[in-house]
Amino acid sequence: MERPLTQHIKNDGTWLNLKEYEKTGGYQALRKALSMPPEELTTLVKDSGLKGRGGAGFSTGMKWSFVPMGRKAPTPKYFVVNGDEMEPGSFKDRLLLEENPHQLIEGAIIGAYAIQANFSYIFLRWAYHRAAKAITQALQEAVEAGYLGENVMGSGFNLDMSLHISVGRYMCGEETALLNALEGKRANPRAKPPFPVVSGLFGKPTVVNNVETVSNVPHIIVNGAEWFLQLSKSEEGGTKLYGASGRVKTPGLWELPLGTTLRELLEVHAGGMQDGYNFKGALPGGGSTDFLTTEHLDVPMDFKNVEQAGSRLGTGTITVLDDKTCPVGMVRNLEHFFAQESCGWCTPCREGLPWTAKILDALEDGRGKMEDLDILTFQTRYMAPGNTFCALAPGAMEPLQSALKYFREDFEKHIHEHTCPWKS
Ligand SMILES: Cc1cc2nc3c(=O)[nH]c(=O)nc-3n(C[C@H](O)[C@H](O)[C@H](O)COP(=O)(O)O)c2cc1C
Ligand code: SF4
């Protein structure tokens, strides 16, 4: 099984430096890319079927193709790597940032060349100190080697790339809020359209792509679209960094073919449930995705199939709920997080999330009433997609709405027994 993203990770506490990365074939993709017309690169990435790994699963090549090109296109243009990774339960980008920074940088240079951007930023989660060190060193090495800066590898293409450390809000990961943060403004999201590809950073065309998405790019350029497509078990191309946390025997992170089933991930790679615990459900891709349950264990974990099962692949990092953990308490913790991270711009989210968290507090403490379940259901509709300015609040409602659907009797037990059944 090929694992292009992680095959060279050393696991000895140090990241791949430039010399080591070059020995694995590093920067050959850039050499090849610079010899190709930019539009051809975009077509190649489109043909590979690469879908964004930041959550929404939008075609990467398609996104690049929307950037205005040619001599009349607005300048400067920007290529931004989204390494904010603050979704509860998600930890996949961290591995790539910390262990193979040059793979990411090479992908970002190719992306910037494809859209003819002369400026690039790596926007990094504030808490990822080791990643910050790795990227700082790698950027310096890349400049010294002529892969960045003026006249990249003698091609005539100029690219300036900087590391930007986030101020540490979940909201900063939303691409338009991220652009405001990069401009030094408060990280409120922006209205779309216009989309960043036509009016992004400082009002100029900007591509924002996730760390895992960008890290795939050098491999696609070297090996081609067909190779990438056949890596997966589904019609969507490539491998995926899947993770699992919760009461499984071996929590962790694995690069596997896209479309690997939830069952294989949990039973083979995560080693099954810990002794004395049974599987009750799982958030398949971070805290803002809907629960899947035992009936979904054979769902292939790709964008299309997880959506058909009523959830989202999201970040592909699975949070497992076991039968000895209170689902109400788990959802309560998530809603407190989302309420705290709301930017406060729109009323349903600013008022609705703290209200939701308070109701869940009451339920968990045995103070809940049956009407509370109706109010919670109302909240999930009040903050449905399209009713708020950005996707934070609808995302926050996903674990709640699915918990109400699959674990309703657990909510009712709290009300009838006036206590949390898991605590008594
Ligand atoms: C509240 C919120 C937080 C987000 N956080 C991240 C993040 O940390 N990293 C990320 O890549 N995308 C995040 N996204 C998705 C981005 O807005 C955007 O879709 C993504 O960076 C695009 O990259 P991709 O096309 O490569 O997936 C977030 C979205 C929302 C609504
Ligand atoms: S949904 Fe929440 S986070 Fe998004 S804009 Fe509205 S208040 Fe801000």
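Heads up: the structure comes first, above all this text.
Keep in mind that this is a model prediction, so the values were computed, not measured.

Would you mind going over the site of ligand 2 with me for this structure?
Residues in close proximity to ligand 2 total 13 residues, the closest being Cys343, Trp345, Cys346, Cys349 and Cys390. Here the residues of the shell around ligand 2 sort into ten nonpolar, three polar and no charged.

Explain unusual backbone geometry here, please?
Glycine aside, negative phi is the norm for most residues, and most peptide bonds take the trans geometry. In this model, Thr75 is joined to Pro76 through a cis peptide bond whose omega is -5°. Along the polypeptide, Pro76 turns up in the loop between α4 (60-65) and β1 (78-83). Between Lys192 and the following residue, Pro193, the backbone shows a cis peptide bond with an omega angle of -10°. In this structure, Pro193 sits in the loop between α8 (175-182) and β4 (206-210). One non-glycine residue with positive phi stands out, namely Met153, at about 50°.

Teacher, can you tell me more about the sheet that holds strand β6 (residues 252-257) here?
Backbone hydrogen bonds hold the strands of a sheet together, and the pairing may be parallel or antiparallel. Here we have four strands laid out as an open sheet, ordered β6-β5-β8-β7, and mixed in their pairing. Two strands in the sheet have a free side with no partner beyond their single neighbour: β6 and β7 (279-283). With strand direction ignored, the average angle separating the axes of adjacent strands in the sheet is 30°.

What exactly am I supposed to notice about the site of ligand 1 here?
Surveying the vicinity of ligand 1 reveals 17 residues, the closest of which are Gly54, Asn82, Glu85, Asn210 and Thr213. At 2.9 Å from an oxygen atom of ligand 1 is found a side-chain nitrogen or oxygen belonging to Lys63. Within the side chain of Thr213, a nitrogen or oxygen atom sits 2.7 Å from an oxygen atom of ligand 1. Expressed as a share of its isolated accessible area of 610 Å², the protein-covered part of ligand 1 is 88%.

Would you take a moment to explain the pattern of salt bridges for this structure?
Side chains that carry opposite charge are capable of pairing whenever their charged atoms lie near each other. Under the definition given, this model contains 31 salt bridges. With its nearest N and O atoms 2.8 Å apart, the salt bridge here joins Lys240 to Glu212. Placement of the pair is Lys240 in strand β5 (residues 239-245) and Glu212 in helix α9 (residues 211-223), with a sequence separation of 28 residues. Of the two residues, Lys240 and Glu212, both sit in the buried class.

I'm lost on the packing of aromatic side chains in this one. Help?
The description of an aromatic ring pair rests on the distance of the ring centres and on the angle between the ring planes. Under the criterion given, the structure shown has 16 aromatic pairs. Seen from their ring centres, Phe291 and Phe407 are 5.2 Å apart, and the 80° between their planes marks the pair as edge-to-face. One end of the pair, Phe291, is in the loop between β7 and α12 (303-308); the other, Phe407, is in the loop between α16 (392-406) and α17 (408-417), with 116 residues separating them in the sequence. The exposure class assigned to Phe291 is buried, which follows from its relative accessible area of 1%.

What is the right way to look at the packing of helix α13 (residues 327-341) against α16 in this model?
Relative orientation and spacing of two packed helices are given, respectively, by the angle between their axes and the distance between those axes. For the pair α13 and α16, the least separation of the axes is 10 Å and the interaxial angle reads 170°. Regarding the angle of α13 to α16, the classification is roughly antiparallel. Only Leu392, Ala396, Met397, Pro399, Leu400 and Ala403 of α16 make contact with α13, whose side of the interface consists of Val331, Leu334, Glu335, Phe338 and Glu341. Per-class residue counts for the contact of α13 with α16 are nine nonpolar, no polar and two charged.

Reading the values: the criteria
- Residues numbered from 1 in each chain as written.
- Chains lettered and ligands numbered in written order.
- Predicted model: local features only at pLDDT ≥ 70, side-chain atom pairs only at ≥ 80, totals over all residues.
- Heavy atoms only, no water.
- Near = heavy atom within 4 Å.
- Nonpolar A, V, L, I, M, F, W, Y, C, P; charged D, E, K, R; others polar.
- Helix = DSSP H or I, 4+ residues; strand = E, 2+ residues; numbered from the N terminus.
- Pairing = 2+ DSSP bridges.
- Axes fitted to C-alpha atoms, helices over the stretch in contact; angles between N-to-C directions.
- Polar contact = N/O pair within 3.5 Å; in protein donor to acceptor, adjacent residues only side chain to side chain.
- Areas by Shrake-Rupley, 256 points an atom, 1.4 Å probe, with all protein chains shown as cover.
- Salt bridge = Lys/Arg side-chain N within 4 Å of Asp/Glu carboxyl O.
- Buried < 20%, exposed > 50% of the residue type's maximum accessible area, 1.4 Å probe, protein only.
- Phe/Tyr/Trp six-rings, centres within 6.5 Å; stacked < 30°, edge-to-face > 60°.
- Parallel < 35°, antiparallel > 145°, perpendicular 65-115°, else oblique.
- Contact = heavy atoms within 4.5 Å.

None of the figures reported here should be taken as evidence of function without further support.
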